[in-house]
Amino acid sequence: MIARSLRFAAAIGLLLVLASCTLLHGRSIDRPLVYYVRNVTVMADARIPLDLIGGIDRRVSAAIAATRAPQGAERVVLLVKIDRLGFGEGARRHLAQAKFTVTATSVETGEPVAQGSFTVNSPTDDPRWVRQALAEEIAARIRFAFSLTTPRIRRAAPPARTISTRLKTDPASLVVPNTSPVPPRAAAAPKAAPQKPVIAAAPVAATPPPPKEMAVPPVAATAQPTSPRAPAQPARRAADIGSGTPVEQGASGTIRLRAECDPAVTSNCTAAP
């Protein structure tokens, strides 16, 4: 009986110690808190996908920028740590589930002022949208816990509507631009900039290759035939020249009947040819 009482007292003492530690290091988030949130940081281990971390950081940062600063609120920064990423239980066993911890740290003192652990489930099991949907659920839970404003979704302006009575079968209307007449003096033709004369370079004629020397076969020297010379004829005296001959007035001359010799001069030359 005494041992049971001692164990009960020890358990009560342990609970009091844990409660005091919680009060000293920060209170749990069990209702919406009002802080002047300045920034947020998302932490996780290597098993958590990067697109999920980036989606949470982007959404919470947009909510902080859209929230008006409360008067007299303490300035804090948020630290979001994803502890576990898996699937739910029971009917939610096919849905993604995330467990995370949010800690609000004072900017002035650097000590935590609030801390809370949360569990959220993805609303869809479609693998194309499961991570973005889970990031939106985590950001929505943080916005609610720290009284942050949900940012407005920027929508693109719809195209302007036009009303026309023209049928589809009608030909397209011709649009004529409204141009005012220009006086002749004002409509001066723009002066063209002087262009530099273009000198065409004469095509360079290709130099013909030097003629190739052809080998000439050697020519054998042949002896030229020489004609026999006529024997020298002695001169005739003037007394030997008779009258009626072609030689007159004391001139001397000879008449040759044959090319070789003259029978009148040469004794051994026959008269017959």
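Residues numbered from 1 in each chain as written. Predicted model: local features only at pLDDT ≥ 70, side-chain atom pairs only at ≥ 80, totals over all residues. Heavy atoms only, no water.

**Q** When you look at the overall build of the protein in this model, what are you seeing that I'm missing?
**A** Counting secondary structure elements, the protein contains three helices and five strands. Along the protein, helices and strands appear, N-terminal first, in the series α-β-β-α-β-β-β-α. Going through the 273 residues of the protein one by one, you find that 21% of them count as buried. For the protein, contacts bridging at least 24 residues in sequence account for 60% of all contacts bridging at least 6. (Helix = DSSP H or I, 4+ residues; strand = E, 2+ residues; numbered from the N terminus. Buried < 20%, exposed > 50% of the residue type's maximum accessible area, 1.4 Å probe, protein only. Contact = heavy atoms within 4.5 Å.)

**Q** What's the story with the nonpolar core in this structure? I'm lost.
**A** Nonpolar side chains tend toward joint burial in soluble globular proteins. In this structure, Tyr-35, Val-37, Ile-56, Phe-100, Ile-138, Ile-142 and Phe-146 are the most contacted members of the largest nonpolar core, which totals 34 residues. Breaking this core down by element, the ones donating at least two residues are strand 2 (36–43), helix 2 (50–66), strand 3 (75–87), strand 4 (96–106), strand 5 (112–121) and helix 3 (130–145). Top contributing element to this core by residue count: helix 3, with seven residues. (Core = buried A, V, L, I, M, F, W, Y, C linked by side-chain atoms within 4.5 Å.)

**Q** Can you help me understand the pattern of salt bridges in this one?
**A** Oppositely charged side chains may form a pair once their charged atoms are brought near each other. Inspection of the entire model under this criterion finds seven salt bridges. The closest approach of N and O atoms between Asp-51 and Arg-131, which form a salt bridge, is 3.2 Å. Here Asp-51, found in helix 2, pairs with Arg-131, found in helix 3; they are 80 residues apart in sequence, far enough to count as distant. A network of salt bridges, in which partner residues are shared, links Arg-59, Glu-136 and Arg-143. (Salt bridge = Lys/Arg side-chain N within 4 Å of Asp/Glu carboxyl O.)

**Q** Honestly, the packing of aromatic side chains in this entry has me stumped. Any pointers?
**A** Scanning all chains against the criterion turns up two aromatic pairs. For the pair Tyr-35 and Phe-146, a centre-to-centre distance of 6.4 Å together with 50° between the ring planes defines the contact as tilted. Remark: Phe-146 occurs in the segment after helix 3 and Tyr-35 occurs in the loop between strand 1 (27–28) and strand 2; sequence separation between them is 111 residues. Each member of the pair Tyr-35 and Phe-146 is classed as buried. (Phe/Tyr/Trp six-rings, centres within 6.5 Å; stacked < 30°, edge-to-face > 60°.)

**Q** Sorry, what's going on with helix 2 here?
**A** Turn by turn, an α-helix covers 3.6 residues, leaving residues three or four places apart pointing in a common direction. For helix 2, spanning 17 residues, the distance from its first C-alpha to its last is 24 Å, which sits close to the expected 24 Å at 1.5 Å a residue. Taken together, the buried positions of helix 2 are occupied by Leu-52, Ile-53, Gly-55, Ile-56, Arg-59, Val-60, Ala-63 and Ile-64. For helix 2, the arc enclosing every buried residue in end-on projection is 165°, short of the 170-degree limit, so these residues lie on one face. In helix 2, the exposed residues that point more than 90 degrees away from the buried face are Leu-50, Arg-58 and Ala-65. Elements that come into contact with the buried residues of helix 2 comprise strand 2, strand 3 and helix 3. (Expected span 1.5 Å × (residues − 1). Arc of directions from axis to C-beta.)

**Q** How should unusual backbone geometry be read in this particular structure?
**A** Glycine aside, residues mostly have negative phi angles, and peptide bonds mostly take the trans form. With phi around 55°, Ser-147 is a residue other than glycine that occupies positive phi space. Examined against the element boundaries, Ser-147 turns out to sit in the segment after helix 3.

**Q** I keep staring at helix 3 and nothing clicks. Help me out?
**A** For helix 3, with 16 residues, the first-to-last C-alpha span of 23 Å sits near the 22 Å given by 1.5 Å per residue. Taken together, the buried positions of helix 3 are occupied by Val-130, Ala-133, Leu-134, Ala-135, Ile-138, Ala-139, Ile-142, Arg-143 and Ala-145. Those residues of helix 3 that are buried are in contact with helix 2, strand 3, strand 4 and strand 5. Residue Ser-147 follows helix 3 closely and has a positive phi angle near 55°.

**Q** Can you walk me through the side chain of Asn-121 in this structure?
**A** Position of Asn-121 among the secondary structure elements: in strand 5. A relative accessible area of 16% places Asn-121 in the buried class. Engagement of the side chain of Asn-121 in a polar contact is seen with the side chain of Gln-97, the distance being 3.0 Å. If we skip the residues at most four places from it in the chain, Asn-121 touches Gly-88, Arg-92, Ala-96, Gln-97, Leu-134 and Glu-137. (Polar contact = N/O pair within 3.5 Å; in protein donor to acceptor, adjacent residues only side chain to side chain.)

**Q** What should I look at first to understand the pairing of strand 5 in this one?
**A** Both faces of the sheet carry side chains from a regular strand, because those side chains alternate between them. By the bridge criterion, nine bridges tie strand 4 to strand 5 in an arrangement that is antiparallel. Residue Val-102 lies in a different strand from strand 5, and its bridge partner there is Gly-116. Hairpin connection from strand 4 to strand 5: five residues lie between these consecutive antiparallel strands, with Gly-110 at a positive phi of about 80°. (Pairing = 2+ DSSP bridges.)

**Q** Sorry, what's going on with the side chain of Thr-103 here?
**A** Summarising the element assignment, Thr-103 is placed in strand 4. When its relative accessible area of 15% is taken as the criterion, Thr-103 is described as buried. Not counting residues up to four positions away in its chain, the partners in contact with Thr-103 are Val-77, Leu-78, Leu-79, Pro-112, Ala-114 and Gln-115.

**Q** Any chance you could explain the confidence of the model for the protein here in plain terms?
**A** When pLDDT is low, close inspection of the predicted coordinates is not appropriate. For the protein, mean pLDDT is 75; residues scoring 70 or higher make up 52% of the total. Low pLDDT, under 50, characterises residues 21–25; the stretch is placed with three contacts to residues that sit more than four places away or in other chains. (pLDDT = per-residue confidence, 0-100.)

**Q** What is the right way to read the environment of Asp-57 from this model?
**A** By the element assignment, Asp-57 lies in helix 2. Classification of Asp-57 by relative accessible area gives partly exposed; the value is 29%. For the pair Asp-57 and Asn-39, spaced 18 residues apart in the sequence, the C-alpha separation amounts to 9.8 Å. Discounting chain neighbours no more than four positions away, the residues touching Asp-57 are Val-40 and Val-42.

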